[in-house]
Amino acid sequence: MKHRSFLALLLLALAFTLSACGRDDPQASLEAAVQKLQDNLEAKDTSAVIDQLDAGFQAQDGLDREWARKTMTLMFLRYASVKVIAVTRKSSIDPTAPQAGLTQAQVLVTGAQGLIPERAAPHEVRLEWRRVSDEWKPTRITWD
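Reference entry: report on the structure contained in this document. Source: prediction; values computed, not measured. (Residues numbered from 1 in each chain as written. Predicted model: local features only at pLDDT ≥ 70, side-chain atom pairs only at ≥ 80, totals over all residues. Heavy atoms only, no water.)

Some remarks on the pairing of strand 6 (residues 135-143)
- Sheet analysis places strand 1 (residues 58-59) next to strand 6, joined by two bridges and oriented parallel. When the sheet's bridge partners are listed, Ala59 is paired in strand 6 with Ile141.
- In this structure, strand 5 (residues 123-132) lies alongside strand 6, joined through eight bridges in antiparallel fashion. Note that in strand 6 the partner of Val125 across the bridge is Trp143. (Pairing = 2+ DSSP bridges. Helix = DSSP H or I, 4+ residues; strand = E, 2+ residues; numbered from the N terminus.)

Examining the packing of aromatic side chains
- Under the criterion given, the structure shown has one aromatic pair.
- With 6.1 Å between their ring centres and 15 degrees between their planes, Trp67 and Trp143 make a pair best called stacked. Here the residue Trp67 occupies a position in helix 4 (residues 65-78), and Trp143 occupies one in strand 6, the gap between them amounting to 76 residues.
- When its relative accessible area of 30% is taken as the criterion, Trp67 is described as partly exposed. (Phe/Tyr/Trp six-rings, centres within 6.5 Å; stacked < 30°, edge-to-face > 60°. Buried < 20%, exposed > 50% of the residue type's maximum accessible area, 1.4 Å probe, protein only.)

Comments concerning the nonpolar core
- In this structure, Phe57, Ala68, Met72, Trp129 and Ile141 are the most contacted members of the largest nonpolar core, which totals 22 residues.
- Those elements giving two or more residues to this core turn out to be helix 2 (26-42), helix 3 (46-52), helix 4, strand 2 (82-93), strand 3 (100-111), strand 5 and strand 6.
- Those residues in contact with Phe57 that lie beyond four places of it in its chain are Leu63, Asp64, Arg65, Ala68, Pro138, Thr139, Arg140 and Ile141. (Core = buried A, V, L, I, M, F, W, Y, C linked by side-chain atoms within 4.5 Å. Contact = heavy atoms within 4.5 Å.)

Quick look at the pattern of salt bridges
- Enumeration over the complete set of coordinates arrives at six salt bridges.
- In this structure, the salt-bridge partner of Glu66 is Arg69, at a minimum N-O distance of 2.3 Å. Highlighted residues: Glu66 and Arg69, both in helix 4, separated by three residues, approximately one helical turn. (Salt bridge = Lys/Arg side-chain N within 4 Å of Asp/Glu carboxyl O.)

Here it is in structure tokens:
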């Protein structure tokens, strides 16, 4: 009898754990969106990156999605391969606004000829995200 109670408790705990794994985890989906963005950049897939950006996307001082598209097209044509190396990366969700996320990273960008631009120190990048339905969209990016 004692073993049955323990087994029932164990099965109940396992069922709870498995159901929790199936739930939407905003932190995990934000991390997946960050990785997807990095993968799309490294694949030189301009349209996939643009599709991932929020409609109101802004970079630095008022640069928009069209600027991002033109810049990526130019860089991808100029460099045979592009690699984004995140030296450090931390993403978090705003506890007061769970539809807002932030990724802060130190990033090196390399191409076939070396660093893009020729800079040994990583760029400090700040990427703001907005959750639209079940999808995280970059809304703003700033860098040093």
